[in-house]
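Residues per chain are reported as follows:
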Protein chains: 2
Amino acid sequence: MYNVVKNNFIKEAHELAVISSSIEALEEQHLDRVNLGQHVLAEFFECDSNILNNIDKVEKFMVDAALECGATIVQKCFHMFNPYGVSGVVIISESHLAIHTWPELGYAAVDLFTCGTKCDPKVAYEFLKKMFNSKKASFTELKRGIIDRETLKLAEQPFEVAEQFEE
Amino acid sequence: MYNVVKNNFIKEAHELAVISSSIEALEEQHLDRVNLGQHVLAEFFECDSNILNNIDKVEKFMVDAALECGATIVQKCFHMFNPYGVSGVVIISESHLAIHTWPELGYAAVDLFTCGTKCDPKVAYEFLKKMFNSKKASFTELKRGIIDRETLKLAEQPFEVAEQFEE
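Keep in mind it's a predicted model, so treat the numbers as computed, not measured. (Residues numbered from 1 in each chain as written. Chains lettered and ligands numbered in written order. Predicted model: local features only at pLDDT ≥ 70, side-chain atom pairs only at ≥ 80, totals over all residues. Heavy atoms only, no water.)

Q: I keep staring at the overall build of chain A and nothing clicks. Help me out?
A: When its secondary structure is counted, chain A shows 4 helices and 8 strands. Ordered by position from the N terminus, the helices and strands of chain A form the series α-β-α-α-β-β-β-β-α-β-β-β. With an accessible surface of roughly 7,600 Å², chain A has 51% of that area assigned to carbon and sulfur atoms. (Helix = DSSP H or I, 4+ residues; strand = E, 2+ residues; numbered from the N terminus. Areas by Shrake-Rupley, 256 points an atom, 1.4 Å probe, with all protein chains shown as cover.)

This is the structure we're talking about:
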């Protein structure tokens, strides 16, 4: 029983800490709602196929993209498929960066998921677009885990689209 | 020069193979367009916080989710944050499964990205919802890498939303 009460107390303390930092973020940004994570879905078309099929280069560029946008790298794992294509993930303190390449189509599907305000996933997007020599790309930013200012709780709803563009 | 011609030939042969298998898929499904990947963005609310803060359990459930939906596991990496929260990824032959948990909020943001028709990411979604004891969840399925039947090329456009629901 003591443990239940203790755990509930710890849980509530944690919740208060999270909500409190979220409120600060809300106040700083003058927003009604704040989101725990930004998730960028990037589609890179017309890329250099030789780069997309080179696991060392793909891994290096993904790691560099994480560093470029100010993330802290925690772990990484990459895999080369036979006969072609690379899949890989960089886990960062602020969430993750993931990639799947189709060198035969010059296409890469990339996810850039960051939390907090330290990292800007757009910086990683611009960096990778350049490194892959992508001639055409699209960028969609989703807000995940939205906290409502009125209730000070997670708004239990699907993500929201914050921004989308093609170039 | 020979290498350039040879590489172009190989590239074209690869493209033809991909397009050819895509056409077969289109014909089988009687669809005008087919997508390379299905990407499910799942939000799990009101989960069991003790599970979301247990790296062994989160890893086990993510691996089991991959197996449940018929995926082949290639690599995995998981990380426990201090003081709480787990991030992790399972790379599968068919793409990846990723998770970030906020135990203090009972919330997990999960990505289930699969390619081909072998795996059904909805099976993984239902499995994880049950394992995390999530009382409320949402599911959005995106189509990524859309191939147009008329041009037999990648439609160079952002993803499309295939399905979305809250429960």
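Q: How should the relation of the copies chain A and chain B be read in this particular structure?
A: Two copies of a chain can be linked by a rotation about an axis combined with a shift along that same axis. Rotating chain A by 180° and moving it 0.0 Å along the rotation axis overlays it on chain B with an RMSD of 0.0 Å. What the rotation and shift describe, once combined, is the action of a two-fold rotation axis. Interface overlap between copies: 100% of the residues of chain A at the interface are likewise at the interface in chain B, consistent with a symmetric, same-surface contact. (Least-squares fit on C-alpha atoms with pLDDT ≥ 70 in both. Contact = heavy atoms within 4.5 Å.)

Q: When you look at the interface of chain A and chain B in this model, what are you seeing that I'm missing?
A: The extent of an interface is frequently quoted as the accessible surface area lost upon association of the parts. Counting residues at the interface gives 52 residues for chain A, matched by 53 residues for chain B. Ionic pairing is found between Arg 144 of chain B and Asp 111 of chain A, a salt bridge with its closest N-O pair at 2.9 Å. In this assembly, chain A and chain B are joined by 14 residue pairs in polar contact (both at pLDDT 80 or more). Counting residues per element, the ones that place at least two in the side of chain A that touches chain B are helix 1 (2-29), strand 1 (33-45), strand 2 (73-80), strand 3 (86-92), strand 4 (95-102), strand 5 (107-115), strand 6 (136-148) and strand 8 (160-166) of chain A. Tallied by class, residues from the side of chain A that touches chain B come to 26 nonpolar, 16 polar and 10 charged. (Salt bridge = Lys/Arg side-chain N within 4 Å of Asp/Glu carboxyl O. Polar contact = N/O pair within 3.5 Å; in protein donor to acceptor, adjacent residues only side chain to side chain. Nonpolar A, V, L, I, M, F, W, Y, C, P; charged D, E, K, R; others polar.)

Q: Would you mind showing me how to read the pattern of salt bridges here?
A: Where charged atoms of side chains with opposite charge meet at close range, the side chains can pair. Applying the stated criterion across every chain, the model contains 12 salt bridges over all chains. Ionic pairing is found between Arg 144 of chain A and Glu 43 of chain B, a salt bridge with its closest N-O pair at 2.9 Å. With Arg 144 of chain A in strand 6 and Glu 43 of chain B in strand 1 (residues 33-45), the pair connects residues from two separate chains. One exposure class covers both Arg 144 of chain A and Glu 43 of chain B, and it is buried. Taken together, the shared-partner salt bridges in this structure form one network comprising Glu 43 and Asp 111 of chain A together with Arg 144 of chain B. (Buried < 20%, exposed > 50% of the residue type's maximum accessible area, 1.4 Å probe, protein only.)

Q: Looking at this structure, I do not really get the pairing of strand 4 (residues 95-102) of chain B. What am I missing?
A: Along a regular strand, successive side chains alternate from one face of the sheet to the other. Residues and elements named next belong to chain B. Among the 8 residues that make up strand 4, 8 are buried, leaving the element largely enclosed by the rest of the structure. Where strand 3 (residues 86-92) and strand 4 come together, 6 bridges link them in antiparallel fashion. Across the sheet, residue Val 89 finds its bridge partner in strand 4, namely Ala 98. Connecting strand 3 to the next strand, strand 4, in antiparallel fashion are 2 residues. The sheet contact formed by strand 4 and strand 5 (residues 107-115) spans 8 bridges and is antiparallel. Across the sheet, residue Ile 99 finds its bridge partner in strand 5, namely Val 110. The loop that links strand 4 with its antiparallel partner strand 5 comprises 4 residues; one of these, Gly 106, has a positive phi angle of about 65°. (Pairing = 2+ DSSP bridges.)

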